[in-house]
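Read off the chains here:
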Amino acid sequence: MVDPTETCDDFLPEALRFRAPAPLVDIGANLTHESFARDLDAVIARARAANVTGLILTGTDREHAEQAVALARRHAGLHATAGVHPHDASRWDASLQQAMRELHRQPEVVAVGECGLDFNRNFSTPAEQERAFEAQLGLAVECGKPLFIHERDAGKRMRDILHAWRDDLPDAVIHCFTADRETLYGYRDLDLHIGLTGWICDERRGHHLRELVGEIPRNRLMVETDCPYLLPRNLPAKLKGRRHEPSLLPWIVKEIAHWQGISEGELAQATTQTARAFFRLAETEDRNVAGNFQQEEH
């Protein structure tokens, strides 16, 4: 059993040992990434110490979705998504579609995705991306679970596709939103949720988000780290290795709350309530996770 007292203190400088004023849900944590293999239990312990009680583990392909499901079965407060990222859309075939369908039947899987469109890098062609994305929209309709969507430099095409499907789809979140006002309002018109990351903490490329956060309806906003990526640039101390992790989510919440002009506690409560409803998480989960953490401390 991991000793949270040790693991919470041996990696983070004291200036980075945050604790949220209310329980948080990190809706996008890539904890199956190889960088977490050596100290995953410690990472989870630090998240709980920071009052990040819910973690949605992102499944970007079959292998990582299966790993996320296995982790969710081992740890209280962890859940999984299952999908195929647009970078890997060229791999989509009937066999992969059936594998995703079976994963979506698992109770640990709370969303379909990460799926979507990425016209920035085009590791798969736009046509391949659209084919895989629409197939996964069909799977979401079939299983009735919400969508966890990736979009980069593809806002107009994304809106066109979702508009055609919207009446049949359950809820959907645009994860790691980084786009402009026009795209935001297009997503608002489609009644989508928005996920914000530490991108807003980057003065080089996230400055425009600071002007937009107040235009995201409170009941449509959720927060995420997208760890190990997107480490906030304005942290008050350096982090060795520069690997992002869920325990730093309270800092992102603090930044968003500042630009929204509300308290951290108010934002924490609102985003957690929204995430619980979106992913259909049990209301008792925070208490269960807190209880497990206290038992581990002893």
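Let us look at the structure shown here. (Residues numbered from 1 in each chain as written. Predicted model: local features only at pLDDT ≥ 70, side-chain atom pairs only at ≥ 80, totals over all residues. Heavy atoms only, no water.)

What the chain contains, in helices and strands, is 11 helices and eight strands. The globule rule puts the C-alpha radius of gyration for 298 residues at 19 Å, and the 18 Å found for the chain is close to it. Each principal axis of the C-alpha atoms in the chain carries an extent, and together these give about 50 × 40 × 35 Å. Out of the 298 residues belonging to the chain, those deemed buried represent 59%. In the chain, the proportion of contacts linking residues at least 24 apart, taken out of those at least 6 apart, comes to 76%. Taken as a whole, the chain presents about 12700 Å² of accessible surface, with 45% of it coming from carbon and sulfur. Distance from the positive charge centre (35 side chains) to the negative charge centre (47 side chains) of the chain: 2 Å. (Helix = DSSP H or I, 4+ residues; strand = E, 2+ residues; numbered from the N terminus. Rg over C-alpha atoms; globule rule 2.2 N^0.38 Å. Buried < 20%, exposed > 50% of the residue type's maximum accessible area, 1.4 Å probe, protein only. Contact = heavy atoms within 4.5 Å. Areas by Shrake-Rupley, 256 points an atom, 1.4 Å probe, with all protein chains shown as cover. Lys, Arg positive; Asp, Glu negative; His and termini not counted. Charge placed at Lys NZ, Arg CZ, Asp CG, Glu CD.)

Our focus in this paragraph is the pattern of salt bridges. According to the stated counting rule, one finds 19 salt bridges in the structure shown. Its salt-bridge partner being Arg-233, residue Glu-203 comes within 2.7 Å of it at the nearest N-O pair. Of the two residues, Glu-203 sits in the loop between strand S7 (193-196) and helix H8 (207-212) while Arg-233 sits in the loop between strand S8 (221-223) and helix H9 (249-260), which places them 30 residues apart along the sequence. Bridged by salt links that share partners, the residues Arg-38, Asp-39, Arg-46, Arg-243 and Glu-245 form one connected network. (Salt bridge = Lys/Arg side-chain N within 4 Å of Asp/Glu carboxyl O.)

A separate point is the sheet that holds strand S6 (residues 172-174). Strand-to-strand pairing in sheets goes through backbone hydrogen bonds, with the strands running parallel or antiparallel. An order of S1-S2-S3-S4-S5-S6-S7-S8 is seen for the eight strands of this open sheet, with the pairing classed as parallel. Each edge of the open sheet carries a strand with a single partner, namely strand S1 (24-29) and S8. Along the sheet, successive strands turn relative to each other by an average axial angle of 30 degrees, direction set aside. Lying over the sheet, helix H3 (residues 62-74) contacts strand S2 (52-57), strand S3 (78-82) and strand S4 (109-118), oriented at roughly 160 degrees with respect to S3. (Pairing = 2+ DSSP bridges. Axes fitted to C-alpha atoms, helices over the stretch in contact; angles between N-to-C directions.)

This part takes up the pairing of S7. Sheet faces and side chains relate simply in a regular strand, where the side chains alternate between the two faces. Residue alternation in S7 divides its side chains into two sets, His-193 and Gly-195 and Ile-194 and Leu-196, and both sets are buried. As paired elements, S6 and S7 share two bridges and run parallel to each other. Counterpart to Ile-174 in the pairing with S7 is Ile-194. What joins S6 to S7 is helix H7 (residues 181-189), and the crossover it makes is right-handed. Inspection of the sheet shows S7 paired to S8 by three bridges, in the parallel sense. Looking at the pairing, Leu-196 lines up with Val-223 of S8. Between the parallel elements S7 and S8, the chain passes through H8 in a crossover that is right-handed. (Right-handed = clockwise from strand over helix to strand, strands pointing away.)

Attention now moves to unusual backbone geometry. Here the residue pair Gly-113 and Glu-114 is connected by a cis peptide bond, since its omega of 20 degrees sits within 30 degrees of zero. The residue Glu-114 is located in strand S4 in this model. A cis amide bond links Cys-227 with the next residue in sequence, Pro-228, at an omega value of 10 degrees. As for its placement among the helices and strands, Pro-228 is situated in the loop between S8 and H9.

The next point concerns helix H6 (residues 155-165). Of the residues making up H6, those classed as buried are Gly-155, Met-158, Arg-159, Ile-161 and Leu-162. Burial along H6 is one-sided: seen end-on, the buried residues are contained in an arc of 170 degrees. Residues of H6 that are exposed and point over 90 degrees away from its buried face: Lys-156, His-163 and Ala-164. Lining the buried residues of H6 we find S4, helix H5 (126-143), strand S5 (147-152) and H7. (Arc of directions from axis to C-beta.)

What follows is about the pairing of S5. Counting buried positions along S5 yields five of six residues, so the element is predominantly enclosed. Alignment of S4 against S5, held across five bridges, turns out to be parallel. Counted as the bridge partner of Asp-118 is Arg-152 from S5. In the classification by handedness, the crossover that spans S4, the intervening H5 and the parallel S5 is right-handed. In this sheet, S6 lies alongside S5 in parallel orientation, the contact comprising three bridges. Counterpart to Ile-149 in the pairing with S6 is Ile-174.

Let us look at helix H2 (residues 40-49). Counting buried positions along H2 gives eight out of 10 residues, so the element sits mostly inside the fold. Three or more residues of H2 are buried, namely Leu-40, Ala-42, Val-43, Ile-44, Ala-45, Arg-46, Ala-47 and Arg-48. Phi turns positive one or two residues past the end of H2, at Asn-51, with a value near 70 degrees.

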